[in-house]
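Spelled out from the first residue to the last, the chains are:
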Amino acid sequence: MVKLSTTISCIDIGNTICHLGIYKDGILINEHYLKTTKFIESPSNLIKHVPVRDKVIAFCSVVPKATSSLSKHANDNDFTLYNLNINSTGSFPISYPHPEQIGQDRIANAIAVYHTMDLPCVVIDVGTATTFDIVSESGGYEGGIITPGPQGFLDFLHQNTALLPKVLLDSKLPNNSIGRDTKEAMLIGVAKGYPSMVNGIVESIFSEIYNNYHIKPKMVITGGGRKNLSIKDTLEIPNLTIYGLAIAFQLNCKF
């Protein structure tokens, strides 16, 4: 187990949202969010929250344009960047046969549970995409599954039909099972169908891991899309990705 004691600003650049977390002596003391499209236009809109005395940022990114914008901003303002990727994970084991295909956020999540949780562990990250990643003590990052996130299902309906509207996930999904208008019907489809899909995938993964290791895996869920979705037998860790970034930085960097 690794005890986080570092002081570092961490940015998780996602497809939709960028999440900045500021750690001081291992404690998350502040965090900020910005739409990725806005971050691409001007990284300073988020980086302005980084303490002036700190000139190091740890980050992971799944958006190349955002990575380029951040790199340019860092060069122009004398920031040092630590980019967590398959070449900067230190001794963290990766048994996945195609490591170059692993998203940097998934690496951060895997590092976080590898150093803080009992293994094997399954990480469910619910965002624009929903990912399921398997982490074991011997194999480290072993592989996973990718599906659309809950918003992705709604976007698909809007983009591929003539009459269904653009619908965003509300802060509170309907509790009823029969929609009284089109928007509510679409939201109920996500509210009722999406957790069933995730639980079905979890049961399949659970069975395979148990057959391989003869132990029940831990289940961890993170990501902004997890809210109001009931996924059974999971431990909710909202800041898992930036926590993994901070651990990776502490283990691999001496700035």
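Here's a quick rundown of the structure.

Conventions adopted
- Residues numbered from 1 in each chain as written.
- Predicted model: local features only at pLDDT ≥ 70, side-chain atom pairs only at ≥ 80, totals over all residues.
- Heavy atoms only, no water.
- Pairing = 2+ DSSP bridges.
- Helix = DSSP H or I, 4+ residues; strand = E, 2+ residues; numbered from the N terminus.
- Contact = heavy atoms within 4.5 Å.
- Axes fitted to C-alpha atoms, helices over the stretch in contact; angles between N-to-C directions.
- Phe/Tyr/Trp six-rings, centres within 6.5 Å; stacked < 30°, edge-to-face > 60°.
- Buried < 20%, exposed > 50% of the residue type's maximum accessible area, 1.4 Å probe, protein only.
- Lys NZ or Arg CZ within 6 Å of the ring centre and 35° of its normal.
- Parallel < 35°, antiparallel > 145°, perpendicular 65-115°, else oblique.
- Left-handed = near helix turned anticlockwise from the far one by under 90°.
- Nonpolar A, V, L, I, M, F, W, Y, C, P; charged D, E, K, R; others polar.
- Salt bridge = Lys/Arg side-chain N within 4 Å of Asp/Glu carboxyl O.

## Some thoughts on the sheet that holds strand 10 (residues 235-236)
Then, number 1: Pairing is mixed across the open sheet formed by five strands, whose spatial order is 8-7-6-9-10. Pairing within the sheet leaves two strands with one partner each, and these edge strands are strand 8 (140-148) and strand 10.
Then, number 2: Across the sheet, helix 6 (residues 182-213) is in contact with strand 6 (121-126), strand 7 (129-136), strand 8 and strand 9 (218-222); its angle to strand 7 comes to roughly 15°.

## What to know about the packing of aromatic side chains
Then, number 1: One pass over the full model with this rule turns up five aromatic pairs.
Then, number 2: With 6.2 Å between their ring centres and 55° between their planes, Y23 and Y243 make a pair best called tilted. In this pair, Y23 sits in strand 2 (residues 17-24) while Y243 sits in helix 7 (residues 240-252), placing the two residues 220 residues apart along the sequence.
Then, number 3: Here Y243 falls in the partly exposed class, since its relative accessible area comes to 23%.
Then, number 4: With a centroid separation of 5.2 Å and an interplanar angle of 85°, the aromatic rings of F92 and Y114 are classed as edge-to-face. Note that F92 is positioned in the loop between strand 5 (80-83) and helix 4 (104-116) and Y114 in helix 4, a separation of 22 residues in sequence.
Then, number 5: Positioned above the aromatic ring of F79, the side-chain terminus of K55 is 4.6 Å from the ring centre.

## Here's the deal with the packing of helix 5 (residues 150-159) against helix 6
Then, number 1: Running from N to C, helix 5 and helix 6 point in directions that differ by 135°, and their axes come no closer than 10 Å. Taken together, the axis directions place helix 5 and helix 6 in an arrangement best described as oblique. For the pair helix 5 and helix 6, the sense of crossing is right-handed. Within the contact between the two elements, helix 5 uses P150, F153, L154 and L157 and helix 6 uses M186, L187, V190, Y194 and M197.
Then, number 2: Of the residues in the contact of helix 5 with helix 6, the class split is nine nonpolar, no polar and no charged.

## Looking at the pairing of strand 9
Then, number 1: For strand 9, the tally of buried residues reaches four of five residues, placing the bulk of the element in the interior.
Then, number 2: Sheet topology places strand 6 next to strand 9; five bridges connect them, and they run parallel. Residue pairing in the sheet places D125 in a bridge with T222 of strand 9.
Then, number 3: With two bridges connecting them, strand 9 and strand 10 associate as parallel partners. Paired with I221 across the strands is E236, a residue of strand 10.

## Description of the pattern of salt bridges
Then, number 1: Applying the stated criterion to the full structure yields three salt bridges.
Then, number 2: Taking the shortest distance from any N to any O, the salt bridge between K72 and D76 comes out at 2.9 Å. Of the two residues, K72 and D76 are both situated in helix 3 (residues 64-77); the distance of four residues between them amounts to about one turn of the helix. Take K72 and D76: they sit in the same class, and that class is exposed.
Then, number 3: Notably, a salt bridge pairs D155 with K166, separated by 2.7 Å at the nearest N-O pair. Taken together, the residues span a long stretch of sequence, with D155 in helix 5 and K166 in the loop between helix 5 and helix 6 at a distance of eleven residues.
Then, number 4: Here D155 falls in the buried class, since its relative accessible area comes to 17%.

Scope: geometric values only; no functional claims are made or implied.
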